[in-house]
Amino acid sequence: MSETSERLPAGVERRSIEGRSRLATRGEPVYGEPTADGWRTWDPNRSKLGAMIELGMDHGLVGDETVLYLGAAAGTTVSHVADFAGPTYAVEFAARPARDLLSAAETRDRLIPLLKDARRPETYGHVVEADVDAIIQDVATRGQAAVAVRNARFLAPDGRLLLAVKARSEDVTDAPAAVFERTLDRLRDRYEIRETERLDPYHEDHLGVIATLR
Amino acid sequence: MSEDTDATNGPDGGWFDGLDPEDDDAAAAIIEGRAETPRGWPTLAVDSGFADDTDDYYDRLRAAATRATRRTVRERERADDRQLIHAVRAMDDCERTANEVAERATEWAGAIFDTAPTGVDGARDVAAREPNEAAERRAVSLATRAVDLADERDELSAYIERTAPSVAPNLSAMAGPELAARLIALAGGLEPLAKKPSGTVQVLGAEDALFAHLAGRAPSPKHGVIYTHDFVRNTRPADRGSAARAFAGKLTLAARVDHYSGELRAELHEDLRERIATIRARADSERADTEGVSADE
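Residues numbered from 1 in each chain as written. Chains lettered and ligands numbered in written order. Predicted model: local features only at pLDDT ≥ 70, side-chain atom pairs only at ≥ 80, totals over all residues. Heavy atoms only, no water.

As recorded by an unreviewed UniProt entry, chain B carries the name rRNA biogenesis protein Nop56/Nop58 and is attributed to Halorubrum vacuolatum.

Where an unreviewed UniProt entry is consulted, chain A appears under the name Fibrillarin-like rRNA/tRNA 2'-O-methyltransferase, with the organism given as Halorubrum vacuolatum. What UniProt records for chain A under Subunit (unreviewed entry) is the sentence "Interacts with nop5. Component of box C/D small ribonucleoprotein (sRNP) particles that contain rpl7ae, FlpA and nop5, plus a guide RNA." Among the UniProt annotations of chain A, the heading Sequence similarities (unreviewed entry) holds the following wording: "Belongs to the methyltransferase superfamily. Fibrillarin family." (UniProt positions renumbered as here; feature names shortened; annotations may be inferred.)

Right under this line is the structure:
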């Protein structure tokens, strides 16, 4: 899992926290995560992107990039992203988690909270800049592939989509493998799929996807 | 950047178009603006003179986006108080109707079947029976309606438990979600509740007693719906007026914080706990006098 060849973005390190080697970023704690020497644990059990990095997927993140994060929720993952990335646009549509997102943004001067519907990018096309280096998506609604496709307009030609697909958001009755296949098919309208991996054991019935623009 | 730097006012311009950098309208521009196609906004903003450099641009954007998000969050959550009012009234309707229909159904069932348990639990027993002829079918069906209504009451209660803390975090933390919802419903919304004096909040739900008092027919009521809370009910009768007054005072503050800021304020809850502890300590210091006083008034 953690080979020495592992490529972590600048600003993300493996640190010994509470006696274990764990992914960590530097910043103010957000949700009571364990910390040591100013580093805060990035728990792959609580973060799909954390799981994708932990599983060694080829995320392509190097640090200091411009990021569009779709489905920021209460800011658990996007706070870690803002710790190592540059300008980070955090889109969340639900009011309640957005409150916590605002708290996470307080101590992060390049975390830009936006209360917008990720299914309607035209409502934030006047705010989010063109050619972001990465789109990170973790939205738990139906039509996750459609969200990624519609937001492709923001991605730089050499940028990457890092997507966590939740099978049960699409169809609770269908087999996850079938749901993932349909989602990937729909993604291929705009993207070339580079890598996929199930996020077990960190997140059941989730598929991590890394893609670039076609 | 090779893009057109003439950022004009139009449906597809940046959020900063035509804005004075110090303008509070920046939040409105974030909320209301739109553009199908994103562009290199940071560069365009610097070129147009809106920002000195891209660092300055991101500072301004973050400030405006934060204000916009905070404003929209508050507006959305306030709108939720309407749903809460409907839910709490519907919950009461369901409970009352469930009990009425259950009584009727179990009375009828008692005339048909051997055993005749009453109430909603009785209706559940009846609803589970296999009817054999027309009258039995009607009684069992009626019992099923009572059970459905009781289940709907529970669903509504769960909805209130989930929703009230986001509409009114402090009020819900202090009073519990259900009582918070009742106070909001009795006042007609969170905003009207936030604007009421604490003496009014103290007797919300005791309007009949209050009007009897105003007409000179009764003593002033000590409490309304807040009586259901432990702070009032489980304080000895002699001190209940003080407890109700203290509780209503803090509830009023909680409603105001919820309406105007929406942040959870821990110290508000600490203050109230201390105040109630002080009031209840009176009973300890007068223990001899209060021996034998029952919990009921």
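Further notes follow.
A. Seen up close, the interface of chain B and chain A. Contact with chain B, which involves 35 residues of that partner, is made by 32 residues of chain A. Interface of chain B and chain A: buried area, both sides summed, is about 2800 Å²; carbon and sulfur atoms make up 53% of it. Linking chain B with chain A are five salt bridges. For the side of chain B that touches chain A, the secondary-structure elements that each account for two or more residues are helix H1 (25-32), helix H2 (41-47), helix H3 (54-112) and helix H5 (134-167) of chain B. Here the side of chain B that touches chain A gets 14 residues from one element, more than from any other, and that element is H3(B). Of the residues belonging to the side of chain B that touches chain A, the class tally is 13 nonpolar, eleven polar and eleven charged. (Contact = heavy atoms within 4.5 Å. Buried area = accessible area lost by both parts, 1.4 Å probe. Salt bridge = Lys/Arg side-chain N within 4 Å of Asp/Glu carboxyl O. Helix = DSSP H or I, 4+ residues; strand = E, 2+ residues; numbered from the N terminus. Nonpolar A, V, L, I, M, F, W, Y, C, P; charged D, E, K, R; others polar.)

B. Examining the environment of B:Ser141 more closely. For B:Ser141, the location among the structural elements is in helix H5. For B:Ser141, a relative accessible area of 16% corresponds to the buried category. (Buried < 20%, exposed > 50% of the residue type's maximum accessible area, 1.4 Å probe, protein only.)

C. Looking closely at the UniProt feature "binding site: S-adenosyl-L-methionine" (unreviewed entry) in chain A. Residues and elements named next belong to chain A. Per the UniProt entry, the sites bearing "binding site: S-adenosyl-L-methionine" (unreviewed entry) are Thr76, Thr77, Glu92, Phe93, Asp117, Ala118, Asp138, Val139, Ala140 and Thr141 in this numbering. Looking only at the residues we just named, the largest cavity is lined by Asp138. In this structure, Glu92 sits in strand E6 (residues 88-92). Here Glu92 falls in the buried class, since its relative accessible area comes to 12%. Not counting residues within four places of it along the chain, the set of residues in contact with Glu92 comprises Gly71, Ala72, Ala73, Pro97, Leu101, Leu114, Leu115 and Lys116. Note on placement: Ala140 falls in the loop between strand E8 (132-137) and helix H4 (144-150). On the basis of relative accessible area, Ala140 is assigned to the exposed category, the value being 51%. Residues contacting Ala140, with those up to four places away along its chain left out, are Lys166 and Ser169. (1 Å grid on protein atoms, 1.4 Å probe; cavity = no way out; pocket = protein on both sides within 12 Å on 5 of 7 lines; lining within 4 Å.)

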